[in-house]
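One letter stands for each residue in the lines below.
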Amino acid sequence: MDFALSEEQQAIFDMSRAFGAEHIAPFAREWERAGTIPKELWPKVAELGLGGIYVSEAHGGSGLSRLDATLVFEALAMACPAVGSFLSIHNMCAGMIDKFGSEDLKARYLPAMCTMEKVFSYCLTEPGSGSDAAALRTRATKTNEGYRLTGTKAFISGGGYSDAYVVMCRTGEDGPKGISALIVEDGAEGLTFGGLEDKMGWRAQPTAQVQFDDCLVPPDNLIGEEGKGFSYAMAGLDGGRLNIAASALGGAQAALDATLAYMGERKAFGRTIDQFQALQFRLAEMEVKLQSSRVFLRQAAWKLDNKSPDATKFCAMAKMYVTDAAFEVANNCLQLHGGYGYLADYGIEKIVRDLRVHQILEGTNEIMRLIVSRTMLAERD
């Protein structure tokens, strides 16, 4: 088994990390205070081929693997987990259209998504259906004009900011088989937004409810087939879970790197604090957590790329393990900074706040435990 990255993969990581260090990290706190990411950033991201990571080259994408994508999002998160994770959401939408959309739909949307002239958000969660996503109530009724969409989506990254939204809605019976996926463009009749949410972390990402009041959607904006939307969403979630884990890993690595530097400078009782054995043990434990997380994450990505029958189980395990480990490492890094870790100037408290939500997104870690345990029981039987 070869654990080494290829030359191309190392180049992808290095390119993404260098971009983040130059174009994201110096402005991350400013964007957090403003509560938004300048749209001028996205065409620069797209120039690197990161606007359509999973999109085929025929439609302007990079056609990268899921393993390649984890390298991108780990590297970008070293600059700011909130910015890198927003890019992951856009790419999840693009990947869904590329994989399941009609040729007309691909031709209409994918080129502009790959150049990031159009930024997309993903609308699944509702005020009354988070973990129980199949219980969603947003309904699309087919008419002669297309679809009339009514309902509310909650916790939408890019709500009121993005150019279009991939919306999971009910076109048929209750349960997962009655759900379809529609593209709703900004400015559509009946589309409105709630106020911006005041969040603990990911504050650079504008987050709001997305509301549909008899919103008219053209019939050609259906992704794939009616009734298949939930299966499309679940297919995208495996990769989304890897990306969220990768972003958590990158943020935690940045925290550990900063802590190593700080401990070599900070003195107590006549010597730098990196000379105290008890604190050296803490460093070793954090390094083991991040390195084991990295190996586990890349194994899960490899399984997804190779369509392994246990890929979903491994993606759930990796998401759960890596996001828990990453938050613990970031929190310990804050502790090792002492009072300075609590100050915004040192950047650690932002990482802690940003990484907390990674244990909730793309399925809570409690749901990940359900997926893993139920798969184990099914394999036993």
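Residues numbered from 1 in each chain as written. Predicted model: local features only at pLDDT ≥ 70, side-chain atom pairs only at ≥ 80, totals over all residues. Heavy atoms only, no water.

Caption draft 1: Spatial organisation of helix α10 (residues 348-356). Burial runs high along α10: eight of the nine residues are buried. Regarding α10, the residues found buried are I348, E349, K350, I351, V352, R353, D354 and L355. Buried residues belonging to α10 abut α2 (28-34), α5 (81-100), α7 (229-263) and α9 (311-336). (Buried < 20%, exposed > 50% of the residue type's maximum accessible area, 1.4 Å probe, protein only. Helix = DSSP H or I, 4+ residues; strand = E, 2+ residues; numbered from the N terminus. Contact = heavy atoms within 4.5 Å.)

Caption draft 2: The packing of aromatic side chains, seen in detail. Applying the stated criterion across every chain yields a total of 11 aromatic pairs. Ring centres 5.8 Å apart and planes at 20° place the aromatic pair F27 and W31 in the stacked group. Note on W31: relative accessible area 7%, which makes it buried. Ring pairing ties together the aromatic residues W42, F86 and Y161, which thus form one cluster. Between R66 and the ring centre of Y54, over which it is positioned, the NZ or CZ distance is 3.8 Å. Its guanidinium or amino end placed over the ring of F314, K303 lies 4.5 Å from that ring's centre, counting from NZ or CZ. (Phe/Tyr/Trp six-rings, centres within 6.5 Å; stacked < 30°, edge-to-face > 60°. Lys NZ or Arg CZ within 6 Å of the ring centre and 35° of its normal.)

Caption draft 3: Molecular detail of the environment of A188. When you line up the elements, A188 lands in the loop between β5 (179-185) and β6 (191-193). Residues A188 and K39 lie 149 residues apart in sequence; the distance between their C-alpha atoms is 20 Å. Sequence-distant contacts of A188, defined by excluding residues within four places in its chain, comprise C215 and L216.

Caption draft 4: Layout of a nonpolar patch on the surface. Among the surface-exposed residues, Y340, L343 and Y346 lie close enough to one another that they form a single nonpolar patch of about 270 Å² accessible area. Along the chain, Y346 falls in the loop between α9 and α10. Classification of Y346 by relative accessible area gives partly exposed; the value is 37%. (Patch = residues over 30% accessible without salt bridge, like charges linked within 9 Å, V, L, I, M, F, W, Y side chains within 5 Å. Areas by Shrake-Rupley, 256 points an atom, 1.4 Å probe, with all protein chains shown as cover. Salt bridge = Lys/Arg side-chain N within 4 Å of Asp/Glu carboxyl O.)

Caption draft 5: Highlighting the nonpolar core. If you look at the biggest cluster of nonpolar residues, it comprises 76 residues, and the most contacted ones within it are I24, I37, L41 and W42. A per-element tally of this core places α9 first, with 15 residues. Leave out the neighbours within four places in its chain, and I24 touches F19, W31, L41, L76, A79, C80 and V83. (Core = buried A, V, L, I, M, F, W, Y, C linked by side-chain atoms within 4.5 Å.)

Caption draft 6: Molecular detail of the pairing of β5. Burial analysis of β5 places six of its seven residues in the buried class, the great majority of the element. Bridge count between strand β4 (residues 164-170) and β5: seven bridges; the pairing is antiparallel. The residue of β5 that forms the bridge with Y165 is V184. Bridging between β5 and strand β8 (residues 222-223) involves two bridges; their strand directions are antiparallel. (Pairing = 2+ DSSP bridges.)

Caption draft 7: Structural view of the side chain of D68. Looking at the element boundaries, D68 is found in helix α4 (residues 66-77). Buried charged residue D68 carries no salt bridge. Nearest counter-charge: R298, at 9.5 Å. Not counting chain neighbours up to four residues away, the residues in contact with D68 comprise Q9 and I12. (Lys, Arg positive; Asp, Glu negative; His and termini not counted.)

Caption draft 8: Main features of helix α8 (residues 277-305). An ideal rise of 1.5 Å per residue puts 42 Å on 29 residues; α8 measures up with 42 Å between its terminal C-alpha atoms. Listed as buried for α8 are L283, M286, L290, S293, R294, F296, L297, R298, A300, A301, K303 and L304. Phi turns positive, to about 55°, at K307, one or two residues after α8. (Expected span 1.5 Å × (residues − 1).)

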